[in-house]
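Survey of secondary and tertiary structure
Given next are the chains, with one letter for each unit.
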Amino acid sequence: MHNRYSRQELFLKEKQPFANKHVLLVGAGALGSALAEMLVRAGIGRLTIIDRDYVDWTNLQRQQLYKEQDAQERLPKAEAAKKRLEEINSDVFISAVTADGGPEELSALMNAHLPDLLLDGTDNFETRFLINDLSQKYNVPWIYGACVGSQGISCVIVPGETPCLACLLDVLPAEGMTCDTAGIIAPAVQMTTAIQGAEALKILAGRWEEVSRELVSFDLWKNTYSSIKIASLKKASCPSCGKEASHPYLSEANRTRTAVLCGRDTVQVRPSEERAFNLSQLALTMEQHGTKVKTNGFLLSAIVSGKRIVLFQDGRMLIHGTKNTADAKKLYQQLLG
Amino acid sequence: MNIVINGKHEQVALSEPTLINLLAEYSLQGKSVIVEANGQIVPKDELASTNVKDGDRIEIVQFVGGG
Ligand SMILES: [Zn+2]
């Protein structure tokens, strides 16, 4: 009998405390890849991964689950991650969801199988504020993590106890400081996920007294590290965790239809209501009109009006080579009405 | 003056020794940050009126969005 967990058990002084735990991981980019691999190797029972993107060559420098073939085939990240993770530890039940994690999609996942922990592997504040509200509504802790350049930041948010993200940040920060403008090095990812991952293991093992209640940040290039006690920032009037919380980010109305993707000269356009597309049918129609189209079963890609477009089954489209959301919307409507 | 920022000894010269000027020195003015001075979090609206003095220990945490 193999005992792959012997070293971990030696440290924890406990046998497989994670075997029945379920984690919902939002985002399977750089942070998400590293977090997923850590948890799967640690032997959690179930991992649900939701991601809206596919593997691109610019991801390979830091998104550790993906390989060249995934980029060549433009596999959805959630699917490529699941494949790799099952090779690492076949005991873990992994479900992959390729969708834009909005209020509806994430609430459905919470209702289907309530996780013990929500993990932030996203690249934008809009989704983080949504995770923050879900955490409060469903009373499930979450761990904020983000990185850019050589910097990273992390914080554990425990409903009913610690301040929440909305207490710490009264406004949604402008998305000026993402990997789009500053780039990112892989060690900043690894350091951020090392902090998130350690806190995740503590929570999943039920070692609550050990869980950090501080906001941690670092800069690996400048060699600085700081940790701030944030208990005093909890606000009784907070719209997400206060006495009269309304969970504003759970409302679909607060969701944008277009988003510029982090680190990519790319705009995502979502349909205003859920649509299911028959990609092979659409590919056929487009080819009849003289457009060269590629499909891999999960998505369709083509060059339209000089721009590379990628369409997912759920009707989302990524339009590459632009940051102009108005232009992107126009192109979307031209193609799909 | 000599202060400790995020655990590192730094020498800074500020026209006026306030926290808001210190943030500007590090190009962090107006960014989403939490500032702690000598173990106490300084509310946003007090950054301009809080002085920095020699020997202070300042922690500046900047919220970033990437990942
Ligand atoms: Zn709050």
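Residues numbered from 1 in each chain as written. Chains lettered and ligands numbered in written order. Predicted model: local features only at pLDDT ≥ 70, side-chain atom pairs only at ≥ 80, totals over all residues. Heavy atoms only, no water.

1. Some remarks on the interface of chain A and chain B
Between chain A and chain B, the contact holds 37 residues from the first and 17 residues from the second. Contact between chain A and chain B buries roughly 2,000 Å² in total, counting both sides, with carbon and sulfur atoms accounting for 62%. In this structure, the connection of chain A to chain B is made through zero salt bridges. Taken together, chain A and chain B are joined by nine residue pairs in polar contact (both at pLDDT 80 or more). Those elements giving two or more residues to the side of chain A that touches chain B turn out to be α2 (30–42), α6 (125–138), β5 (142–148), β6 (151–157), α7 (165–168), β7 (214–219) and β8 (224–229) of chain A. Looking at which element gives the most residues to the side of chain A that touches chain B, the answer is β8 of chain A, with six residues. In the side of chain A that touches chain B, the residues fall into 20 nonpolar, 12 polar and five charged. (Contact = heavy atoms within 4.5 Å. Buried area = accessible area lost by both parts, 1.4 Å probe. Salt bridge = Lys/Arg side-chain N within 4 Å of Asp/Glu carboxyl O. Polar contact = N/O pair within 3.5 Å; in protein donor to acceptor, adjacent residues only side chain to side chain. Helix = DSSP H or I, 4+ residues; strand = E, 2+ residues; numbered from the N terminus. Nonpolar A, V, L, I, M, F, W, Y, C, P; charged D, E, K, R; others polar.)

2. Describing the coordination of the zinc ion
Residues and elements named next belong to chain A. Protein-derived coordination of the zinc ion comes from C164 (SG), C167 (SG), C238 (SG) and C241 (SG), at a distance range of 2.2 to 2.3 Å. For the zinc ion, the four donor atoms are set out with angles of 97 to 124 degrees between them, so the coordination reads as tetrahedral. Mapping the donors of the zinc ion onto the primary sequence gives the spacing C-x2-C-x70-C-x2-C. On the criterion of sequence distance, the pair formed by C164 in the loop between β6 and α7 and C238 in the loop between β8 and β9 (258–260) is long-range, its members being 74 residues apart. Relative accessible area serves as the criterion here: at 0%, C164 is assigned to the buried category. (Donors = N, O, S within 2.8 Å, 3.2 Å for Na, K, Ca; no water. Tetrahedral: all angles 85-135°; square planar, octahedral: opposite > 155°, others 65-115°. Buried < 20%, exposed > 50% of the residue type's maximum accessible area, 1.4 Å probe, protein only.)

3. Structural notes on the sheet that holds strand β4 (residues 117–120) of chain A
All names here are of chain A. Sheet architecture is open: eight strands sit in the order β3-β2-β1-β4-β5-β6-β7-β8, paired in mixed fashion. Among the strands making up the open sheet, the edge pair consists of β3 (93–98) and β8. Each neighbouring strand pair of the sheet contributes to a mean axis angle of 15 degrees, computed without reference to strand direction. Relative to the sheet, α6 contacts β1 (22–26), β4, β5 and β6, its axis offset from that of β5 by approximately 170 degrees. (Pairing = 2+ DSSP bridges. Axes fitted to C-alpha atoms, helices over the stretch in contact; angles between N-to-C directions.)

4. Thoughts on the side chain of T18 of chain B
Of note, T18 of chain B is situated in the loop between β2 (8–11) and α1 (19–25). Dropping the residues within four chain positions of it, T18 of chain B is found in contact with L47, A48, T50, N51 and V52 of chain B.

5. What about α2 of chain A?
Residues and elements named next belong to chain A. For α2, with 13 residues, the first-to-last C-alpha span of 19 Å sits near the 18 Å given by 1.5 Å per residue. α2 sits mainly inside the fold: 11 of its 13 residues count as buried. Residues A30, L31, G32, S33, A34, L35, A36, E37, L39, V40 and A42 constitute the buried set of α2. Positive backbone phi, approximately 85 degrees, marks G43, located one or two places after α2. (Expected span 1.5 Å × (residues − 1).)

6. So, the domain arrangement of chain A
Residues and elements named next belong to chain A. Annotation of chain A at the domain level lists domain 1 (6–250) and domain 2 (256–336). Averaged C-alpha coordinates put domain 1 and domain 2 at centres separated by 28 Å. Facing the 20 residues of domain 1 at the interface are 22 residues of domain 2. The junction of domain 1 with domain 2 conceals about 1,700 Å² of combined surface from both sides, 47% of it contributed by carbon and sulfur atoms. Linking domain 1 with domain 2 are one salt bridge. Here R270 ties to D100 by a salt bridge, and the two come within 3.9 Å at their closest N and O atoms. Viewed at the interface, domain 2 and domain 1 are joined by seven residue pairs in polar contact (both at pLDDT 80 or more). (Domains from an automatic or database assignment.)

7. Considerations on the pairing of β5 of chain A
Residue and element names in this part refer to chain A. With seven of its seven residues buried, β5 lies for the most part within the structure. What you see with β5 is no split at all: W142, Y144, A146 and V148 on one side and I143, G145 and C147 on the other are buried throughout. In the sheet, β4 pairs with β5 via two bridges, with the strands oriented parallel. Within β5, the position partnered with L118 by the bridge is W142. In terms of handedness, the path from β4 via α6 over to β5 forms a crossover that is right-handed. Direction of pairing for β5 relative to β6: antiparallel, over a ladder of seven bridges. (Right-handed = clockwise from strand over helix to strand, strands pointing away.)

8. Brief notes about the packing of α2 of chain A against helix α9 (residues 186–204) of chain A
Residues and elements named next belong to chain A. Contact geometry of α2 with α9 gives a least axis separation of 9 Å together with a crossing angle of 40 degrees. Here α2 lies oblique to α9, going by the angle between them. Along this stretch, α2 crosses α9, giving a crossing that reads as right-handed. Contacts between α2 and α9 pair A30, L31, A34, L35, M38, L39 and A42 from the former with V189, Q190, T192, T193, A194, Q196, G197, A200, L201 and L204 from the latter. Residues that form the contact of α2 with α9 fall into these classes: 12 nonpolar, five polar and no charged. (Parallel < 35°, antiparallel > 145°, perpendicular 65-115°, else oblique. Left-handed = near helix turned anticlockwise from the far one by under 90°.)

9. Quick word on the pattern of salt bridges
All names here are of chain A. Tallied over the full model, the rule gives 16 salt bridges over all chains. Where K82 meets E86, a salt bridge forms, and the shortest distance between an N and an O atom there is 2.9 Å. Linking K82 with E86, this pair stays in helix α4 (residues 77–88), spanning four residues, or about one helical turn. Among the residues examined, K82 registers a relative accessible area of 23% and is labelled partly exposed. Of the residues examined, E86 reaches a relative accessible area of 33% and is grouped as partly exposed. Salt bridges sharing partners connect three or more residues here, namely R52, D100, D123 and R270.

10. Thoughts on the pairing of β2 of chain B
Pairing of strand β1 (residues 2–5) of chain B with β2 of chain B involves four bridges; the strand directions are antiparallel. The partner of V4 of chain B across the bridge, within β2 of chain B, is H9 of chain B.

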